[in-house]
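Here is what each chain is made of, one letter per residue.
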Amino acid sequence: IEYVNFSKSASSTKNARNIAVSVKFMEEDDPSKPPLALFYPDYKKSGNLLDEMKTAITYHNKIPQFNEEFKIKLPLKLHKKHHLLFTFSHVSCNISKHKDANETILGYAFHPLIVKIHGKQNKIVCKVLKLAITTTLPSGYYTVNSSRDIVNRGLIDAKRVIIKYRTVLESSIYSDDENLLRFLELTGSNKPIKVQEAMLALQEVPPEDIFPWVPWILGFLFEQLISFKHELAETFMMVTVHILNAPYQGRTYFKNLIQSYVEFVFDNHARIGDEYVHSILIETVYNQLIMDENNGDLLSVIDFYLDIIYKSFLKEQVEQGGIVGNRKNTHPKEVYDRIRILVAHIAWECRKRVISGLTFAKELTKKLALFINNLFSVLDRGVAIDLVVLCLDEFGREGEDIAELGEDYLLQFKLELLQGVSKYEHFALLNFPEVLSFEGGSHTTSVLRERFFLSGIFIDVIVDCISSTDNTLKIRAVNVLQESLRVNEFKNLEMSSKQKKREMSVYILFVVLVTENIYAYQKLLYPHKRGIFLCFIHILKSVSPKLLKNWWKRETIAKLINVIESIDEVIKTFQLKGEEKLSELMSEGESKSDATKMAFEQYYSNIGTNSRRASERRRGWSTRKNTGTGAFQFHLENTTKPFEYNELEENNIWNEIAMTILDVMTDFVLVNEQLLSAQHPNPLMDKVFHMLMRFMHYKHSISVLDSHYNFMHMFIHKFSKSIFTMKPVYCEKLCYAVLQHCNYKNQLIRSRACAFMYLLMKLNYETSEEHKFTRVMTQTTVALSRLVSSIREPGYLRRALDTIIDYAQNDNSMPTEFTDSVENLMNLLNSILKYIIDINFHNDDPEKQIDLYYMIASSYKNNPDLRVTWLQSLAEMHEKAGNWAEAAQCMIHTSALISEYLHVLEPRDHLPSGCSDYFKLSHSVTEESILQELDEECICNMGLFSEIGLIECMDKAAYFLKKAQQYESVNELYKILIPIHEHHRNYNELADCHGQLKYMFESIMEAVEKQSRVFGTYYRIAFFGDSLGDLDSKVFIYKEPKLTRLGELSTRLVKLYSTKYPGIDIEIYKKNNTIDRSSFNDLDKKCYIQITEVKPYFESWNLRERKTSYDKNHNINQFIFETPFTLSGKSQTEDLTQQYKRKTILTVESSFPYMNTRMEVISKEEIEVDPLNNAIEIIQNKTDSLNTILASPRPDSKVISLALSGIVALQVNAGPTSIAQTFLENDDGTFDSAQLDVLRLSLQELLAVVAECLQKNAEIIDISQKDFHNELMVGYDDTKQLIMSFIEN
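Residues numbered from 1 in each chain as written. Predicted model: local features only at pLDDT ≥ 70, side-chain atom pairs only at ≥ 80, totals over all residues. Heavy atoms only, no water.

Participant: Explanation requested: the overall build of the protein in the structure shown.
Facilitator: Counting its regular elements, the protein contains 50 helices and 18 strands. Per-residue burial over the protein gives 51% buried out of 1289 residues. Just so you have it, the protein exposes about 61800 Å², and 49% of that area is on carbon and sulfur atoms. (Helix = DSSP H or I, 4+ residues; strand = E, 2+ residues; numbered from the N terminus. Buried < 20%, exposed > 50% of the residue type's maximum accessible area, 1.4 Å probe, protein only. Areas by Shrake-Rupley, 256 points an atom, 1.4 Å probe, with all protein chains shown as cover.)

Listed below in structure tokens is the structure:
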């Protein structure tokens, strides 16, 4: 009820103010009869149904607004006298306290529930109504013949409508729609025309009215289809498509309603008489598809018809007692032919819509796949498989319409199809899963595809998708395979282990194809590899070991290497990386391109649908966007969900994978024992061993490491000869990995590692003809030397070494000689461990650490393996610190040592003849010649002592030299390296070397032109202080990076030693004079550091050969600094005749650049220079400086001007003019005449060079510099005139 209007009513009701309305449901038009109790109580109340409902009272309002709702439970059967009776009353509020409220009846109105339409159909009145009110209500008031009679019988106001209300019908029994009522009336007819008329009437029913009747209507339509067959087939399709595509507001609910109908209700309509729906529906759907070019609406709901066909087949099968005998005989050939035709056409429709509506085509493919999946249960499975092949052929058919989209475009449709098919619960059983013998000479994949036909097709499509260029398709394919594996895994929970392995064997083709394509898969993005190898390792774990063994037995060595390479890639992919690194890898390849692609697909998905849908939207039937997918809208899956790191999950995955790898490798080793035992070269053994070492290197759980040592015990016993007599690298890597575990925190792993290390020694001793374990001994010491940075708690390793000694002492099966050798080795390892502890103690003092590395390397000159190991460790330390020149020297010394060994072993023309070939690179390489004096049997067991190792070291040295900008040294190094590549015809390497040389020479020219290279700055540093220990009273030459200023160095050293020696005052001694330690009286409390900048010193004969900046900074072992003094004790004076200077020449043992950044001074020479010679040197230094500027390919005018301004300015103290005047103006015999002549010649030479500089400057300056140049010319003329006057004097 909305409102009541009494504003202009009759005089009898003019005083009506407080108006109320009551409503009753009457079944007779007699006011004396009681109403029916059919009203639901208010939602705030509970209880039985009520017989009357009243509105609230509106005080003093003749037009009250109610807006109240009453809910009525309609009787199951309505007759024409059922009606609603409204009673209007005025409630008086002006009464005494002790009297009841006075209620006055104002009038009545009634609403008939059923009216006749066209004199035939009974329709429930359901709309907005406006009625007048009668003042009387006689018996039989409802039996009037017309509404006019009602109006004439005592109305309050015949000209004004006084009440407005509306009724809404919510019922699945009654309807207020005329077309639906018409349909219901005609359903009882047995005439096709009448039935067709009834069916067509449904198209005019609004969607909200037809919704409650859908199950009954669909049942009726199927009955008519079976009854009248082709007569009503087209009408049937038109009406059902209309119903299924109607724009219902509750679309999801409608979808569920349809699914429920198919699943639960359709069984009652599947068979009419002796005929089943599928017998006519298959042909009906096909005919409608080919007749209607705009069949988008039909295709959008095609899954409904396909589900009905399947349910009809299923109903037939159930009623016939299931499938008895051969499936081929369950249905006639005509049925199979019709299904093939229908499926082929739907597949064609999918392909046709690839360009115009991609999303729609994908959804259609998905529906088709589900249909074929269902058919496996009810038809001959051979026919179902033929349907799969038929669809794939259609999707693989070439055509100009999709040629421009690329070969991979239709792969997504094949994938959608096979994803649906693979969900069939007996998918594995369709492939005859049984252990294969792999007999015959055919290719493995051919055998697998032949035996596992359907899964072979499935796997081939998966692999094709992975090999495509579409990243979204790759991830989608991996997800589909993972889903298939997961479904198969959970389905088989109640199966025996043997049955599970048989069913999983259908996926073995994927493993084979991964191994064949492993080198391509290694280049994929990490997220793709992760998914692929997760499937790979799961299949390996789940299939029968017998199947794997039979596969490996028939493969070539190259294929077996691919198998190990694949397992190795699994290890690299899943080894624990930590949250930050893993999250970074999982985000590889993320871009907006895939999201953009999805958006375009969705945007264009409506193309190709029926135009009638657009007209419906224009009529206002729908406000929903049309996606062309009808009732069952397809949503693209987000296959690239953001990665969320879960540490526990990652650990569990890695643990499971590691255990699987150990199981698989155990079988692999046992099957291929003979191949792995073959003599060198053995690429399969190389690959297996390096994979195992990589596995051992990564972090594992205790259980995995324990199992790994069980495996390694088996492995070492079977292949001890290969490990101890073939490649030294085997023993080298194995000892290094095991020694790491000897320092493990967990006692179980530490004990397993100790036992295994002892086993290595024992087996090496037993397999050696000399009964020694030299290889293990050498490689263990080398391994410990390489573990410098990883040993923070030496106590674990000490206990491990003691445990190994206990094993040896308690092993009565071994001779005393062996036990003594073990004890000697453990003592040697303990001494190395002390070095390591000392290095780690000085972790904050890089110079001390470098000295220790160098000292240890020098102590092993009689053991090249250890020396090379420590030199490599020293190079790594320099590399981390950015000391590129020093790192290069370490690798040059290593290369020289290897060259010495190779020359002693067997001189070869293409190899260097020893360390002497490296002399130009470093004068210190002669240290490595000691190798010729050693016993060959006890040295050089590392794999580095080979041509390959030599090339590797020289390549590394070249890299470091390039980083240090020592391009000339790279040239010298390549003079040694290139003949080796020429001998082996390594043309790729030769091309690279010559390309690098070209770059080096261009870099040299650029550096010379720009004078941009600075090779380092040198300082003399002296230490004094009791707390400094072995540094006290020592003097070093420090090589600092490039232009390191004295202040920077002072600050660093003070901070370093203040931290290292807390409580001790560190002071920089700022004078450059020679210090006597006895001059300090507080060295117990303070430490003094004297820092003096020095420059390389060369004798005159040596200087003539060192023309470039590189020459003057390479292979230098002498340095000089100058200290001015006077005889009076002052350091400097303005009187040049009293100014002396002292040259201090310092010599170090080796030549810079060297393997360490500081070297101790081994000798010192002091030269005192008198004032005249001091003046001569000043003039000569200025001349040399100007000559250097002139020698530059492109002299800089600013540099020239700055240098000249310090010479031609007359007011410059100790300038050429002042020197000439002081020593040449009055020659009183005080100075040696010969030396004065030298001064005169030096001045004349300086003037000549200045003139040349001025000429050069005039050529290169611009206009803005011309005035300053003119000033320089004037100054030069004045200076020359004055100096020449003194010279001629």
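Further notes follow.
Participant: What exactly am I supposed to notice about the environment of phenylalanine 39 here?
Facilitator: For phenylalanine 39, the location among the structural elements is in the loop between strand E2 (19-26) and strand E3 (52-54). Judged by its relative accessible area of 0%, phenylalanine 39 falls in the buried class. Each C-alpha atom of the pair phenylalanine 39 and glutamate 52 lies 6.9 Å from the other, and the pair is 13 residues apart in sequence. Residues within four places of phenylalanine 39 in sequence aside, it is in contact with Val23, Lys24, Phe25, Leu49, Leu50, Asp51, Glu52, Met53, Phe70, Lys71 and Ile72. (Contact = heavy atoms within 4.5 Å.)

Participant: Sorry, what's going on with the packing of aromatic side chains here?
Facilitator: Remark: the centre distance and the inter-plane angle together describe each pair of aromatic rings, the angle taken between the planes. Scanning the entire structure with this criterion turns up 41 aromatic pairs. Summarising the aromatic geometry, the rings of phenylalanine 1024 and phenylalanine 1080 are spaced 5.7 Å apart at their centres and angled 40° between planes, so their arrangement reads as tilted. Linking phenylalanine 1024 in strand E12 (residues 1017-1024) with phenylalanine 1080 in the loop between strand E14 (1065-1069) and strand E15 (1086-1096), this pair joins segments that are 56 residues apart in sequence. As far as burial versus exposure is concerned, phenylalanine 1024 and phenylalanine 1080 are alike and both buried. Among the aromatic residues, ring-to-ring pairing joins Phe222, Phe236, Tyr261, Phe266, Phe304 and Tyr305 into one connected group. One cation-aromatic arrangement involves lysine 71 over tyrosine 40; the distance from NZ or CZ to the ring centre is 5.1 Å. Sitting above the plane of the tryptophan 884 ring, lysine 963 keeps its charged end 5.0 Å from the centroid. (Phe/Tyr/Trp six-rings, centres within 6.5 Å; stacked < 30°, edge-to-face > 60°. Lys NZ or Arg CZ within 6 Å of the ring centre and 35° of its normal.)

Participant: I'm lost on a negative patch on the surface in this one. Help?
Facilitator: The grouping of Glu579, Glu580, Glu584, Glu588 and Glu647 at the surface amounts to a negative patch. With 3 residues, helix H25 (residues 579-586) is the single largest residue contributor to the negative patch. Positionally, glutamate 579 belongs in helix H25. (Patch = residues over 30% accessible without salt bridge, like charges linked within 9 Å, V, L, I, M, F, W, Y side chains within 5 Å. Salt bridge = Lys/Arg side-chain N within 4 Å of Asp/Glu carboxyl O. Lys, Arg positive; Asp, Glu negative; His and termini not counted. Charge placed at Lys NZ, Arg CZ, Asp CG, Glu CD.)

Participant: What is the right way to look at the sheet that holds strand E4 (residues 83-92) in this model?
Facilitator: Remark on secondary structure: sheet strands pair via backbone hydrogen bonds, oriented parallel or antiparallel. What the 4 strands build is an open sheet, ordered E3-E2-E4-E5; its pairing is antiparallel. Edge positions in the sheet fall to E3 and strand E5 (102-112), since each of these pairs with one other strand and no more. Here the average twist between neighbouring strands, direction ignored, is 20°. (Pairing = 2+ DSSP bridges. Axes fitted to C-alpha atoms, helices over the stretch in contact; angles between N-to-C directions.)

Participant: Mind showing me how you'd approach a positive patch on the surface here?
Facilitator: Judged by side-chain charge, Lys498, Arg502, Lys546 and Lys553 come together as a positively charged surface patch. Considering the arrangement of structural elements, one finds lysine 498 in helix H19 (residues 497-504).

Participant: Any chance you could explain helix H13 (residues 381-396) here in plain terms?
Facilitator: Residue pairs spaced three or four apart in an α-helix point in one direction, given the helix's 3.6 residues per turn. If you check H13, its first and last C-alpha atoms are 22 Å apart, about what 16 residues at 1.5 Å a residue would give, namely 22 Å. Turning to H13, its buried residues number three or more, namely Val383, Ala384, Ile385, Leu387, Val388, Cys391, Leu392, Glu394 and Phe395. Sitting at the amino-terminal end of H13 is aspartate 380, which places a side-chain oxygen 3.1 Å from the backbone nitrogen of glycine 382. (Expected span 1.5 Å × (residues − 1). Polar contact = N/O pair within 3.5 Å; in protein donor to acceptor, adjacent residues only side chain to side chain.)

Participant: Would you explain the sheet that holds strand E1 (residues 3-4) in this entry?
Facilitator: With antiparallel pairing, the 3 strands of this open sheet are ordered in space as E1-E9-E8. Two strands in the sheet have a free side with no partner beyond their single neighbour: E1 and strand E8 (128-131). In this structure, E1 lies alongside strand E9 (residues 163-166), joined through 2 bridges in antiparallel fashion. What sits directly across from valine 4, in E9, is isoleucine 163.

Participant: I keep staring at the pairing of strand E18 (residues 1158-1169) and nothing clicks. Help me out?
Facilitator: Successive side chains on a regular strand alternate, one facing one side of the sheet and the next facing the other. Bridge count between strand E13 (residues 1035-1040) and E18: 3 bridges; the pairing is antiparallel. In the strand pairing of E18, isoleucine 1037 is matched with methionine 1159. Hairpin remark: strand E17 (residues 1140-1152) followed by E18, antiparallel, with 5 residues in the connecting loop.

Participant: Hey, could you run me through the packing of helix H31 (residues 702-718) against helix H33 (residues 728-742) in this one?
Facilitator: The description of two packed helices rests on the angle between their axes and on the distance between the axes. Look at H31 against H33: their axes get within 13 Å of each other, and the N-to-C directions meet at 145°. Where H31 crosses over H33, the two elements pack in a sense that is left-handed. Contact residues: H31 offers Leu705, Tyr709, Met712 and Ile716, while H33 offers Leu734, Val738 and His741. Classifying every residue of the contact of H31 with H33 gives 6 nonpolar, 1 polar and no charged. (Left-handed = near helix turned anticlockwise from the far one by under 90°. Nonpolar A, V, L, I, M, F, W, Y, C, P; charged D, E, K, R; others polar.)

Participant: Looking at this structure, how should I read the nonpolar core?
Facilitator: The nonpolar side chains of soluble globular proteins are, as a tendency, buried together. Counting 293 residues, the largest nonpolar core has Tyr305, Phe510 and Phe715 as its most contacted members. Each residue touching tyrosine 305, except ones within four places of it in the same chain, is listed here: Phe236, Met237, Thr240, Val241, Leu244, Leu281, Val285 and Leu298. (Core = buried A, V, L, I, M, F, W, Y, C linked by side-chain atoms within 4.5 Å.)

Participant: What should I look at first to understand helix H8 (residues 278-291) in this one?
Facilitator: Over its 14 residues, H8 extends 20 Å from the first C-alpha to the last, a length consistent with the 20 Å expected when each residue adds 1.5 Å. Restricting attention to buried positions, one finds in H8 the residues His278, Ile280, Leu281, Ile282, Thr284, Val285, Gln288 and Leu289.

Participant: Whenever I open this one, the pattern of salt bridges confuses me. Can you help?
Facilitator: Side-chain pairs of opposite charge can arise where the charged atoms are in close proximity. Considering all chains together, one arrives at 47 salt bridges under this definition. Of the charged contacts in the structure, one is a salt bridge between arginine 476 and glutamate 416, with a shortest N-O distance of 3.3 Å. Of this pair, arginine 476 sits in helix H18 (residues 471-491) while glutamate 416 sits in helix H15 (residues 411-422), placing them 60 residues apart in sequence. For lysine 687, the salt bridge is made with glutamate 565, and the minimal N-O distance between the two is 2.5 Å. Of the two residues, lysine 687 is situated in helix H30 (residues 683-697) and glutamate 565 in helix H24 (residues 557-574); the sequence distance between them amounts to 122 residues. The exposure class of glutamate 565 is buried, given its relative accessible area of 6%. Bridged by salt links that share partners, the residues Lys333, Asp337, Arg340 and Asp386 form one connected network.

Participant: I would appreciate a short explanation of unusual backbone geometry in the present structure.
Facilitator: Most peptide bonds take the trans configuration, and most residues that are not glycine carry a negative phi. Cis geometry marks the peptide bond from phenylalanine 1152 to proline 1153, where omega comes out at -10°. Topologically, proline 1153 is positioned in the loop between E17 and E18. Positioned with a positive phi, asparagine 67 is a non-glycine residue whose angle comes to about 55°. Of note, asparagine 67 is situated in the loop between E3 and E4. Owing to a relative accessible area of 60%, asparagine 67 belongs among the exposed residues under this scheme. A positive phi angle, near 65°, is found at glutamine 965, a position not held by glycine. Assignment of secondary structure puts glutamine 965 in the loop between helix H41 (947-963) and helix H42 (967-983).

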